[in-house]
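So you can see what is in the structure, the chains are spelled out below.
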Amino acid sequence: MRFLAKKILLVFLQKSNYNSHMKKSTRYLFLLAILGSSVLSLVDQLIKQYILLRNNVDIPLGSIGKLTYSENTGIAFGIPIPQYFLIIAILILLPVIVYLISKEFNIKNKLVFIALTLIISGGIGNLLDRIFRGFVIDYVSILSYPIFNLADVFITFGVLLLIVFYSKIKKD
């Protein structure tokens, strides 16, 4: 699996038409974003593994919520969709989203770089769950809000960064 991912990345960076227009420093930023995303995805997976090892014993988060185990076979808020469709959609949409962000925003801007890294991290974290478990492990339960996980937080904050700072980070 790791070999296949490395091969796809190399093909994208070396042979695509997009690459011919991409400066060397931008390619390094993309690689750094992927490295950062890998680390953040690993943190998400480690927390999910910890939750699994707790054998459904909740961990209180003060009076606002708890860490708990929940299997999400759907998309946001548990909306049901077949797993094979979700995996294919994520594999197609994640690179498209990265490409669109790089076309719309200056990747050298720190906010764009952080947003891109967060979005990739969240996508990878939940994709790994879908591929290897057949569902996403959600574990944060706060008040009456639907249960979510760290990967969801990464995606949400990455998108919010792009929306809130749109006028400051948009390419001219």
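Residues numbered from 1 in each chain as written. Predicted model: local features only at pLDDT ≥ 70, side-chain atom pairs only at ≥ 80, totals over all residues. Heavy atoms only, no water.

K.L.:
How should the overall build of the protein chain be read in this particular structure?
P.N.:
Scanning the protein chain from N- to C-terminus turns up 7 helices and 3 strands. What you see in the protein chain, going N to C, is helices and strands ordered as α-α-α-β-β-α-α-β-α-α. For the protein chain, the residues scored as buried account for 34% of the 172 residues in total. Within the protein chain, contacts between residues separated by at least 24 positions form 69% of all contacts whose residues are at least 6 apart in sequence. When the accessible surface of the protein chain is totalled, it reaches about 10,800 Å², and 70% of it is carbon and sulfur. (Helix = DSSP H or I, 4+ residues; strand = E, 2+ residues; numbered from the N terminus. Buried < 20%, exposed > 50% of the residue type's maximum accessible area, 1.4 Å probe, protein only. Contact = heavy atoms within 4.5 Å. Areas by Shrake-Rupley, 256 points an atom, 1.4 Å probe, with all protein chains shown as cover.)

K.L.:
Honestly, the nonpolar core in this entry has me stumped. Any pointers?
P.N.:
Generally speaking, a soluble globular protein has its nonpolar side chains buried in company with each other. Of all hydrophobic cores here, the largest spans 17 residues; its most connected members are Val-98, Ile-101, Phe-105, Val-112, Leu-116, Leu-162 and Ile-169. Elements supplying a minimum of two residues to this core: helix H3 (24-53), helix H4 (83-104), helix H5 (110-133) and helix H6 (150-164). In this view, Val-112 contacts Ile-101, Phe-105, Asn-106, Ile-107 and Ile-169; residues no more than four positions away in its chain are not counted. With 8 residues, the next largest nonpolar core counts Leu-67, Phe-135, Ile-137 and Phe-148 among its residues. (Core = buried A, V, L, I, M, F, W, Y, C linked by side-chain atoms within 4.5 Å.)

K.L.:
Looking at this structure, how should I read the environment of Ile-120?
P.N.:
Mapping Ile-120 onto the fold places it in helix H5. Excluding anything up to four places from it in sequence, Ile-120 contacts Ser-37, Leu-94 and Val-98.

K.L.:
Is there a simple way to think about the pattern of salt bridges in this case?
P.N.:
Pairing between side chains of opposite charge can happen when their charged atoms approach one another. For the structure shown, the criterion picks out 4 salt bridges. The partner of Asp-129 in a salt bridge is Lys-48, with the nearest N and O atoms 2.8 Å apart. Here Asp-129 is found in helix H5, whereas its partner Lys-48 is found in helix H3, with 81 residues between them in sequence. Taking relative accessible area as the criterion, Asp-129 reaches 0% and is therefore assigned buried. Owing to a relative accessible area of 0%, Lys-48 belongs among the buried residues under this scheme. Where Asp-129 meets Arg-133, a salt bridge forms, and the shortest distance between an N and an O atom there is 2.6 Å. (Salt bridge = Lys/Arg side-chain N within 4 Å of Asp/Glu carboxyl O.)

K.L.:
Before we go on, may I ask you to explain the confidence of the model for the protein chain in this structure?
P.N.:
Regions with low pLDDT carry predicted coordinates that are not meant to be interpreted in detail. In the predicted model, the protein chain carries a mean pLDDT of 82, and 83% of its residues have values of at least 70. Across residues 15-20, where pLDDT falls below 50, the model places 11 contacts with residues more than four positions away in sequence or in other chains. (pLDDT = per-residue confidence, 0-100.)

K.L.:
What is the right way to look at a nonpolar patch on the surface in this model?
P.N.:
Side chains of Tyr-84, Phe-85, Ile-88, Ile-92, Val-96, Tyr-99 and Leu-100 sit close together on the surface and give an oily, nonpolar patch of about 720 Å² of accessible area. Residue placement: Tyr-99 occurs in helix H4. The exposure class of Tyr-99 is partly exposed, given its relative accessible area of 33%. (Patch = residues over 30% accessible without salt bridge, like charges linked within 9 Å, V, L, I, M, F, W, Y side chains within 5 Å.)

K.L.:
Help me understand the environment of Leu-143, please; the structure alone is not making it clear to me.
P.N.:
Secondary-structure assignment places Leu-143 in the loop between strand E3 (136-142) and H6. The contacts of Leu-143, once residues within four sequence positions are left out, are Ile-64 and Gly-65.

K.L.:
Which parts of the structure should I look at to understand the side chain of Asn-72?
P.N.:
Structurally, Asn-72 is set in strand E2 (residues 65-72). Exposure remark for Asn-72: the relative accessible area of 13% places this residue in the buried category. A polar contact is formed between the side chain of Asn-72 and the side chain of Asp-138, at a distance of 3.2 Å. (Polar contact = N/O pair within 3.5 Å; in protein donor to acceptor, adjacent residues only side chain to side chain.)

K.L.:
I tried to follow H4 on my own but got confused; where do I start?
P.N.:
One turn of an α-helix holds 3.6 residues; hence residues three or four places apart share an orientation. Look at H4: 30 Å from first C-alpha to last across 22 residues, which is about the 32 Å you get at 1.5 Å a residue. Within H4, burial applies to Gln-83, Leu-86, Ile-87, Leu-94, Val-98, Ile-101 and Ser-102. (Expected span 1.5 Å × (residues − 1).)

K.L.:
Sorry, what's going on with the side chain of Ser-121 here?
P.N.:
Counting through the fold element by element, Ser-121 comes out in helix H5. Setting aside residues no more than four positions away along its own chain, Ser-121 makes contact with Gly-36, Ser-37, Leu-40, Ser-41 and Phe-154.

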